[in-house]
Amino acid sequence: MRKQIAAANWKMNNTLEEGTKLLNEIVGADIQLSDNQFAIFAVPFPYLIIADQQVGDKSNMFIAAQNCHNKMAGAYTGEVSVDMLASIHIHYCVVGHSERREYFLETNQQLAEKVDRCLEKGITPIFCCGEPLAIREAGTQNDYVSVQLNESLFHLDAEAIQKVVIAYEPIWAIGTGKTATATQAQEMHAHIRSVLSNQFGEGVAANISILYGGSVKGANAKEIFSQPDVDGGLVGGASLISSEFVQIINALK
Ligand code: PGA
């Protein structure tokens, strides 16, 4: 059975005090996670250790980094390596968020390296893909996402790809309040799964969790997550409000 995941992406938000309060409220809320359901919190680097202590041994709740460097170590001032993340027991890392691609010019090739570095250290990459508005309007979103998957993930073997979580995030739906419809999400998720199936085989593709991201809220999570190829969500804005995110976790199937 595929993992169902509600992943919070705090981005560059929350002071330590605000973040601690938010996480405490969620960890302390009435949430029943079954064996295949997970809640993951991608918090800013300075809070990783303390947030990990906060979730403690709460079952199926984990802390994630929002980024890592594509090299293991060296003269890269200001950067954070997967070796560092592994040394503080972080098991998940968001890779290739569209904001990283847009503002920090991360390329598919660099992201392939980041995926490799994560897997080398036993960290699950949450690999983000998704098209900008102009591509959606031109109707070429399937090809666009295929190229992202091809150039960043197709060098992996069948065993390694099953350690990757994919997040489909149409850029036009991120932070805009304009969610893809459940049908649009399902269509793209089915496309991604068929691309994975062609490359790695049907059984492998069936094991890979594909999350939807882009204006997921408490009110729409259930409908989106109920789609057969949608295995949860990567959530920005609504993950900053404890009651919203608890509702989103509880909408996992
Ligand atoms: P949003 O962000 O939920 O605020 O649209 C999603 C994301 O960027 O991961």
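Here the structure is a predicted model, which is why all the values come from computation and not from measurement.

Across its full length, the protein holds 12 helices and eight strands. At 17 Å, the protein has a C-alpha radius of gyration in line with the 18 Å of a compact globule built from 253 residues. When burial is assessed residue by residue, the protein has 54% of its 253 residues classed as buried. Across the protein, the fraction of contacts at a sequence separation of at least 24, relative to all contacts at a separation of at least 6, is 72%. Carbon and sulfur atoms form 52% of the exposed surface of the protein, whose accessible area is close to 11,100 Å². Side chains of the protein carry 18 positive and 28 negative charges; the gap between the two charge centres is 1 Å.

A few words on the environment of Glu17. Within the secondary structure, Glu17 sits in helix 1 (residues 16-27). Assessed through its relative accessible area of 67%, Glu17 is described here as exposed. As a C-alpha pair, Glu17 and Thr124 span 107 residues in sequence and 28 Å in three-dimensional space.

A few words on the environment of Val164. Locating Val164 in the fold gives a position in the loop between helix 8 (158-161) and strand 6 (165-168). Along the backbone, Val164 and Ile208 are 44 residues apart, and their C-alpha atoms lie at a distance of 7.1 Å. Beyond its immediate stretch of four places on either side in the chain, Val164 contacts Val115, Leu119, Pro125, Phe127, Leu153, Leu156 and Ile208.

This brings us to the layout of surface pockets. Space inside the largest pocket adds up to approximately 480 Å³. Grouping the constituent residues of the lining of the largest pocket by class yields eight nonpolar, six polar and three charged. Considered as a void within the structure, the second largest pocket measures approximately 210 Å³ in volume. Lining the second largest pocket are 16 residues, with Gly175, Ser215, Gly236, Gly237 and Ala238 positioned closest to its centre. In terms of residue class, the lining of the second largest pocket is made up of five nonpolar, eight polar and three charged.

In this fold, Ser98 is placed in helix 4 (residues 98-103). Setting aside anything within four residues of it in sequence, one finds Ser98 in contact with Ile171 and Ile174.

For the rest of this paragraph, the subject is the sheet that holds strand 4 (residues 92-95). Read around the closed barrel, the eight strands follow the order 1-2-3-4-5-6-7-8; overall the barrel is parallel. The mean inter-strand angle of the sheet, taken between neighbouring strand axes irrespective of direction, is 25°. Pairing analysis gives four bridges linking strand 4 to strand 5 (residues 124-129), with the strands arranged parallel. Across the sheet, residue Tyr92 finds its bridge partner in strand 5, namely Thr124. On top of the sheet, helix 2 (residues 48-55) reaches strand 2 (37-42) and strand 3 (61-65); it is set at about 170° to strand 3, its chief contact. Of the strands in this sheet, strand 5 and strand 6 touch helix 7 (residues 141-153), which is tilted by about 150° from strand 5.

The subject of this paragraph is the pattern of salt bridges. A full pass over the atoms with the stated rule returns 12 salt bridges. The shortest N-O distance in the salt bridge between Lys21 and Glu25 comes to 3.1 Å. Here Lys21 pairs with Glu25, and both are found in helix 1, just four residues apart, close to one helical turn. A relative accessible area of 53% places Lys21 in the exposed class. The shortest N-O distance in the salt bridge between Arg136 and Glu131 comes to 2.9 Å. Take Arg136: its relative accessible area is 16%, and that puts it in the buried class.

All right, on to helix 9 (residues 182-200) then. Between its first and last C-alpha, helix 9 extends 26 Å over 19 residues, near the 27 Å set by a 1.5 Å rise per residue. Here helix 9 has its buried residues at Ala182, Ala185, Gln186, Met188, His189, His191, Ile192, Arg193, Val195, Leu196 and Phe200. Just downstream of helix 9, Gly201 is the residue with a positive phi angle, here 105°.

Another point: the packing of helix 1 against helix 12 (residues 242-250). Running from amino to carboxyl end, helix 1 crosses helix 12 at an angle of 40°, the nearest separation of the two axes being 9 Å. Compared by their axis directions, helix 1 and helix 12 come out oblique. At the point where helix 1 passes helix 12, the crossing takes the right-handed sense. Residues Leu22, Glu25 and Ile26 of helix 1 lie in contact with helix 12, whose contacting residues are Ser242, Phe245, Val246 and Ile249. Looking at side-chain class alone, the contact of helix 1 with helix 12 contains five nonpolar, one polar and one charged residues.

Conventions and cut-offs
Residues numbered from 1 in each chain as written. Predicted model: local features only at pLDDT ≥ 70, side-chain atom pairs only at ≥ 80, totals over all residues. Heavy atoms only, no water. Helix = DSSP H or I, 4+ residues; strand = E, 2+ residues; numbered from the N terminus. Rg over C-alpha atoms; globule rule 2.2 N^0.38 Å. Buried < 20%, exposed > 50% of the residue type's maximum accessible area, 1.4 Å probe, protein only. Contact = heavy atoms within 4.5 Å. Areas by Shrake-Rupley, 256 points an atom, 1.4 Å probe, with all protein chains shown as cover. Lys, Arg positive; Asp, Glu negative; His and termini not counted. Charge placed at Lys NZ, Arg CZ, Asp CG, Glu CD. 1 Å grid on protein atoms, 1.4 Å probe; cavity = no way out; pocket = protein on both sides within 12 Å on 5 of 7 lines; lining within 4 Å. Points joined across faces, edges and corners; volume = space filled by probe spheres on them. Nonpolar A, V, L, I, M, F, W, Y, C, P; charged D, E, K, R; others polar. Pairing = 2+ DSSP bridges. Axes fitted to C-alpha atoms, helices over the stretch in contact; angles between N-to-C directions. Salt bridge = Lys/Arg side-chain N within 4 Å of Asp/Glu carboxyl O. Expected span 1.5 Å × (residues − 1). Parallel < 35°, antiparallel > 145°, perpendicular 65-115°, else oblique. Left-handed = near helix turned anticlockwise from the far one by under 90°.

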